[in-house]
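Structural description and commentary
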Amino acid sequence: GLWAGNHMSSTKKRICDAVAQVKAKLLNLINYQYPVKGGAKAAKVNAVLVCLVNEGYGHCVGLLDNMEPLYKTLTQGGMSDKEAWRRVKLFVKGVFDSIHQVRGMSSEGTPDMMLWACMQAHQVANEYHLQKWINHPNVSSILALSALEHEGDAVAALEAGIKELFSKLKSSEDRTGRLA
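A brief report on the enclosed structure follows. (Residues numbered from 1 in each chain as written. Predicted model: local features only at pLDDT ≥ 70, side-chain atom pairs only at ≥ 80, totals over all residues. Heavy atoms only, no water.)

Relative to the 28 Å expected for 20 residues at 1.5 Å per residue, helix H4 (residues 111-130) spans 28 Å between its end C-alpha atoms, a close match to the ideal helical length. Along H4, the residues that are buried comprise Ala117, Cys118, Ala121, His122, Val124, Ala125 and Tyr128. All buried residues of H4 lie within an arc of 160° about the axis, which places them on one face of the element. Across H4 from its buried face, at more than 90 degrees, point the exposed residues Asp112 and Leu130. Residue Lys132 follows H4 closely and has a positive phi angle near 55°. (Helix = DSSP H or I, 4+ residues; strand = E, 2+ residues; numbered from the N terminus. Expected span 1.5 Å × (residues − 1). Buried < 20%, exposed > 50% of the residue type's maximum accessible area, 1.4 Å probe, protein only. Arc of directions from axis to C-beta.)

We now examine the layout of surface pockets. Roughly 540 Å³ of volume is contained in the largest pocket. Mapped onto the lining of the largest pocket, the elements with two or more residues apiece are helix H1 (11-33), helix H2 (40-76), helix H3 (81-103) and H4. Within the lining of the largest pocket, the residues separate by chemical class into 16 nonpolar, three polar and two charged. Lining the second largest pocket are 16 residues, with Val45, Leu49, Leu52, Pro111 and Leu115 positioned closest to its centre. Residue assignment for the lining of the second largest pocket shows that the elements contributing at least two residues are H1, H2 and H4. The leading source of residues in the lining of the second largest pocket is H2, at six residues. (1 Å grid on protein atoms, 1.4 Å probe; cavity = no way out; pocket = protein on both sides within 12 Å on 5 of 7 lines; lining within 4 Å. Points joined across faces, edges and corners; volume = space filled by probe spheres on them. Nonpolar A, V, L, I, M, F, W, Y, C, P; charged D, E, K, R; others polar.)

What follows covers the pattern of salt bridges. This model, assessed by the stated rule, comprises six salt bridges. Here Glu68 ties to Lys72 by a salt bridge, and the two come within 3.8 Å at their closest N and O atoms. Pair noted here: Glu68 and Lys72 are both in helix H2, with a separation of four residues, about one helical turn. Of the residues examined, Lys72 reaches a relative accessible area of 41% and is grouped as partly exposed. A salt bridge links Lys93 to Asp97, with the nearest nitrogen and oxygen atoms 2.9 Å apart. Residue Lys93 and its partner Asp97 are both found in helix H3; the two are separated by four residues, about one turn of the helix. Through salt bridges that share partners, Glu83, Arg86 and Arg87 make up one connected network. (Salt bridge = Lys/Arg side-chain N within 4 Å of Asp/Glu carboxyl O.)

Printed below as a string of structure tokens:
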């Protein structure tokens, strides 16, 4: 599909490449602003920021890598392509909402508060990563809800089909009764 495509032209590949470029630019900026040979304080700041950028990159790629397995799980369960991608979108939004809950606290704070909130956001992302993203409880709840909704839709469709058959049977009995 469009997401995975062939390796060289997929949407996922283009996003991963763009994220890698941002990572490289951030690392260059960090190394320029806080050179390792710029003294002990600059070296410490450099180490922390480089660690955060590398970890953030790993989390981003992990999220991207797990979107397709979630999509496949949903479609293999009988969900349409469109509905499965809608659920994947909800999953991604849920991840970002979880991160924003802790990261957003620093929007008007001091640099120390911003760094602390950034580390908290990394902790949230790491919780998803440690549970292989699609095994995280937030994702499990999406899958359970999806299964219930899908089953509910199937039951509703079955009930509608049964009603239609009964209606045809009744109509047929009425015609047969009038002919006899």
